[in-house]
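Observations on the model geometry
Residue strings, one per chain:
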Amino acid sequence: MTTYPQGTVAHHEIVDLIPALRAFARSLCRQPDEADDLVQETLMKALGNLDKFERGTRLKSWLFTIMRNTFLTRRRTAGREPVGIEECASQMPQIAADQEGTVRVSDVKRALARLPQHHREIIVLVVMLGERYEDAAVICGCAVGTVKSRLFRARQRLQAELGEPTEIANSRP
């Protein structure tokens, strides 16, 4: 059994969180390659700063915060450095999916991509990754009430994007 000095994190704890990091990165980035790069950069920053992690706090939240801040920094600098065409014809699928489930997943992905970044982020954190409101608030740097209201508005907007009746419309007599 390996013991670690107090205040340090075992590397396997970080490795166990890579799937969640990849899911969050995919919600932030439009291209899978960009998401993978974001995960890699996040892991490098986290490993380089493990001494700053406070044991007893949630490692997942700490890593998500690093990822979100890295993404936002990249986005600010990318605005000053335009590169290529965002959607290239060579990257489009040649054969359309023929199964209804695959089509529905594609519809949801496109609808998520059309949401503002702060709405997409909250949907992924709370709904898809199951983060608690408190942890999502820490990750996003806002109050718990803000997380709840963003989530409500994000769900409504996603339903509208998908052409489904919204929750408010369902509750009216």
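Structural data are supplied above this passage.
We now turn to the structure provided with this report. (Residues numbered from 1 in each chain as written. Predicted model: local features only at pLDDT ≥ 70, side-chain atom pairs only at ≥ 80, totals over all residues. Heavy atoms only, no water.)

**So, the overall build of the chain**
- Regarding its fold elements, the chain presents 9 helices and 0 strands.
- Listed by position from the N terminus, the elements making up the chain come as α-α-α-α-α-α-α-α-α.
- For the chain, the proportion of its 173 residues judged to be buried stands at 34%.
- Only carbon and sulfur atoms are counted for the fraction: they give 54% of the accessible area of the chain, which is about 11300 Å². (Helix = DSSP H or I, 4+ residues; strand = E, 2+ residues; numbered from the N terminus. Buried < 20%, exposed > 50% of the residue type's maximum accessible area, 1.4 Å probe, protein only. Areas by Shrake-Rupley, 256 points an atom, 1.4 Å probe, with all protein chains shown as cover.)

**Some remarks on the pattern of salt bridges**
- One pass over the structure, following the stated rule, counts 12 salt bridges.
- The shortest N-O distance in the salt bridge between glutamate 13 and arginine 55 comes to 3.3 Å. Linking glutamate 13 in helix 1 (residues 11-16) with arginine 55 in the loop between helix 3 (32-48) and helix 4 (59-78), this pair joins segments that are 42 residues apart in sequence.
- On the basis of relative accessible area, glutamate 13 is assigned to the partly exposed category, the value being 24%.
- Through salt bridges that share partners, Arg58, Lys60, Glu131, Arg132 and Asp135 make up one connected network. (Salt bridge = Lys/Arg side-chain N within 4 Å of Asp/Glu carboxyl O.)

**Points about the packing of helix 4 against helix 6 (residues 117-128)**
- As a packed pair, helix 4 and helix 6 sit with axes 14 Å apart at the nearest point and diverge in direction by 160°. With respect to their mutual orientation, helix 4 and helix 6 come out roughly antiparallel. Both helix 4 and helix 6 take part in a crossing whose hand is right-handed. Contacts between helix 4 and helix 6 involve Phe64, Arg68, Phe71, Leu72 and Arg75 from the first element and Gln117, Glu121 and Leu125 from the second.
- Within the contact of helix 4 with helix 6, the residues separate by chemical class into 4 nonpolar, 1 polar and 3 charged. (Axes fitted to C-alpha atoms, helices over the stretch in contact; angles between N-to-C directions. Parallel < 35°, antiparallel > 145°, perpendicular 65-115°, else oblique. Left-handed = near helix turned anticlockwise from the far one by under 90°. Contact = heavy atoms within 4.5 Å. Nonpolar A, V, L, I, M, F, W, Y, C, P; charged D, E, K, R; others polar.)

**Some remarks on the side chain of arginine 68**
- Looking at where arginine 68 falls in the secondary structure, it is placed in helix 4.
- Polar contacts involving the side chain of arginine 68 include one to the main-chain carbonyl oxygen of cysteine 140, which spans 3.3 Å.
- Those residues in contact with arginine 68 that sit more than four places away from it in its chain are Phe24, Glu121, Ile139 and Cys140. (Polar contact = N/O pair within 3.5 Å; in protein donor to acceptor, adjacent residues only side chain to side chain.)

**Some points on helix 8 (residues 144-161)**
- Its 18 residues give helix 8 an end-to-end C-alpha distance of 25 Å, which sits within 8% of 26 Å, the value for a rise of 1.5 Å per residue.
- Those residues of helix 8 that fall on the buried side of the exposure criterion are Val147, Arg150, Leu151, Ala154, Gln156, Leu158 and Gln159.
- Just past helix 8, the residue glycine 163 takes up positive phi, approximately 75°. (Expected span 1.5 Å × (residues − 1).)

**Brief notes about the side chain of aspartate 135**
- Relative to the helices and strands, aspartate 135 resides in helix 7 (residues 133-140).
- Apart from the residues lying within four places of it in its own chain, the contact partners of aspartate 135 are Arg58 and Ser61.

**Some points on helix 4**
- An ideal rise of 1.5 Å per residue puts 28 Å on 20 residues; helix 4 measures up with 28 Å between its terminal C-alpha atoms.
- Every buried residue of helix 4 is accounted for by Leu59, Lys60, Ser61, Trp62, Leu63, Phe64, Ile66, Met67, Arg68, Thr70, Phe71 and Leu72.
- In the core, the buried residues of helix 4 are packed alongside helix 1, helix 2 (18-28), helix 3, helix 6 and helix 7.

**Remarks on the packing of helix 7 against helix 8**
- The contact between helix 7 and helix 8 brings their axes to 8 Å, and the two run at 100°. It follows that helix 7 is roughly perpendicular to helix 8 by the angle criterion. Each of Tyr133, Glu134, Ala136, Ala137 and Cys140 in helix 7 lies in contact with helix 8, whose residues at this interface are Val144, Val147, Lys148, Arg150 and Leu151.
- Along the lines of polarity and charge, the residues of the contact of helix 7 with helix 8 split into 7 nonpolar, no polar and 3 charged.

On their own, these measurements won't tell you what the molecule is for.
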